[in-house]
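Analysis of the macromolecular model
Spelled out from the first residue to the last, the chains are:
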Amino acid sequence: MEGLSKKEIEIVAWLEFHEKYFFTSLDIEKFSKNKAQRYNITKNLLKKKRIVKLNRTKYYLIPIKAKSGSWTVHPFIIADEACNSNEYFIGGWAAANYWKLTDQIPMQIDVFTTKRQGKIKILNTKIVFHRTTKKRIEQAVTKKIGSAYTFKIEKRQKSKKWLKSRS
């Protein structure tokens, strides 16, 4: 791992060994003497593309086995982690494709939340945040990817209705 300091290698190795691919700066607190040093370590790992920022407090670790620095994770997991698994659901074309209502592969993941809005690009995944109400979020269903990750997605019937409104 060229370009990484001894401390940065130690942090990346520790996170990967403990399978903390999604982490906060508090998870690496024990590797720094103070908040300023922790900030600098985080900033340097971001600059060296060993971690990716998901939101104000959460980061994603690019694993050591990703030699070229490129890596991918299921976009629904990225969306879930960017929203801290809280008050959101996935809708639009991504939901329609998930429910097999369309064969069209979505160009972006539409995330409906009460907390944020705008566009971000994380690990080649374009995520567009839309504002919505808590009532709509409560109507979403929770699904699983693999054995460890869950995400919230718009109900099949709502996706079908949304898709009909598009034509």
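One can find the structure itself at the top, above this paragraph.
Attention in this report is confined to the structure presented alongside it. (Residues numbered from 1 in each chain as written. Predicted model: local features only at pLDDT ≥ 70, side-chain atom pairs only at ≥ 80, totals over all residues. Heavy atoms only, no water.)

**Some thoughts on the sheet that holds strand β3 (residues 58-61)**
Spatially, the three strands line up as an open sheet ordered β1-β3-β2, and their pairing is antiparallel. Bordering the open sheet on either side are β1 (22-24) and β2 (51-53), each of which pairs with just one other strand. Between one strand axis and the next, the sheet turns by 35 degrees as a mean value, whatever way the strands run. Of the strand pairs in this sheet, β2 and β3 are connected by three bridges, and their pairing is antiparallel. Residue Val 52 lies in a different strand from β3, and its bridge partner there is Tyr 60. (Pairing = 2+ DSSP bridges. Helix = DSSP H or I, 4+ residues; strand = E, 2+ residues; numbered from the N terminus. Axes fitted to C-alpha atoms, helices over the stretch in contact; angles between N-to-C directions.)

**Observations concerning the pattern of salt bridges**
Tallying each qualifying case throughout the model produces six salt bridges. Here Arg 38 ties to Glu 29 by a salt bridge, and the two come within 3.3 Å at their closest N and O atoms. (Salt bridge = Lys/Arg side-chain N within 4 Å of Asp/Glu carboxyl O.)

**Some details on the packing of aromatic side chains**
Per the counting criterion, the structure on display carries ten aromatic pairs. Between Trp 93 and Trp 162, the aromatic rings sit 5.2 Å apart at their centres with planes inclined by 85 degrees, giving edge-to-face as the arrangement. You can see Trp 93 sitting in helix α4 (residues 92-98) and its partner Trp 162 sitting in helix α6 (residues 156-166), a full 69 residues away along the chain. Note on Trp 162: relative accessible area 24%, which makes it partly exposed. For the pair Tyr 98 and Trp 99, a centre-to-centre distance of 5.0 Å together with 80 degrees between the ring planes defines the contact as edge-to-face. Trp 99 gets classed as buried once you look at its relative accessible area, which sits at 15%. Taken together through their ring pairs, the aromatic side chains of Phe 76, Tyr 98, Trp 99 and Phe 151 make up a single cluster. Its guanidinium or amino end placed over the ring of Phe 129, Arg 116 lies 4.2 Å from that ring's centre, counting from NZ or CZ. The positively charged end of Arg 136 is found above the aromatic ring belonging to Phe 112, 5.0 Å away from the centroid. (Phe/Tyr/Trp six-rings, centres within 6.5 Å; stacked < 30°, edge-to-face > 60°. Buried < 20%, exposed > 50% of the residue type's maximum accessible area, 1.4 Å probe, protein only. Lys NZ or Arg CZ within 6 Å of the ring centre and 35° of its normal.)

**Some words on the pairing of β3**
Every second residue of β3 is oriented toward a common face, with Lys 58 and Tyr 60 on one face and Tyr 59 and Leu 61 on the other, all of them buried. Following β2, the chain reverses through four residues before pairing antiparallel with β3.

**Overview of the nonpolar core**
With 40 residues, the main nonpolar core has Tyr 60, Phe 76, Ile 90, Ile 109, Val 111, Leu 123 and Ile 127 as its most contacted residues. Examining the composition of this core, we find that five residues originate from one element, helix α3 (residues 75-82), more than from any other. For Ile 90, the contacting residues outside a window of four places in its chain are Phe 76, Ala 79, Ala 95, Ile 109, Asp 110, Phe 151, Lys 152, Ile 153 and Glu 154. (Core = buried A, V, L, I, M, F, W, Y, C linked by side-chain atoms within 4.5 Å. Contact = heavy atoms within 4.5 Å.)

**A look at a positive patch on the surface**
Among the surface-exposed residues, Lys 135, Lys 155, Lys 158 and Lys 161 lie close enough to one another that they form a single positively charged patch. Inspection of the secondary structure assignment puts Lys 158 in helix α6. Residue Lys 158 is classed as partly exposed on the basis of its relative accessible area of 38%. (Patch = residues over 30% accessible without salt bridge, like charges linked within 9 Å, V, L, I, M, F, W, Y side chains within 5 Å. Areas by Shrake-Rupley, 256 points an atom, 1.4 Å probe, with all protein chains shown as cover. Lys, Arg positive; Asp, Glu negative; His and termini not counted. Charge placed at Lys NZ, Arg CZ, Asp CG, Glu CD.)

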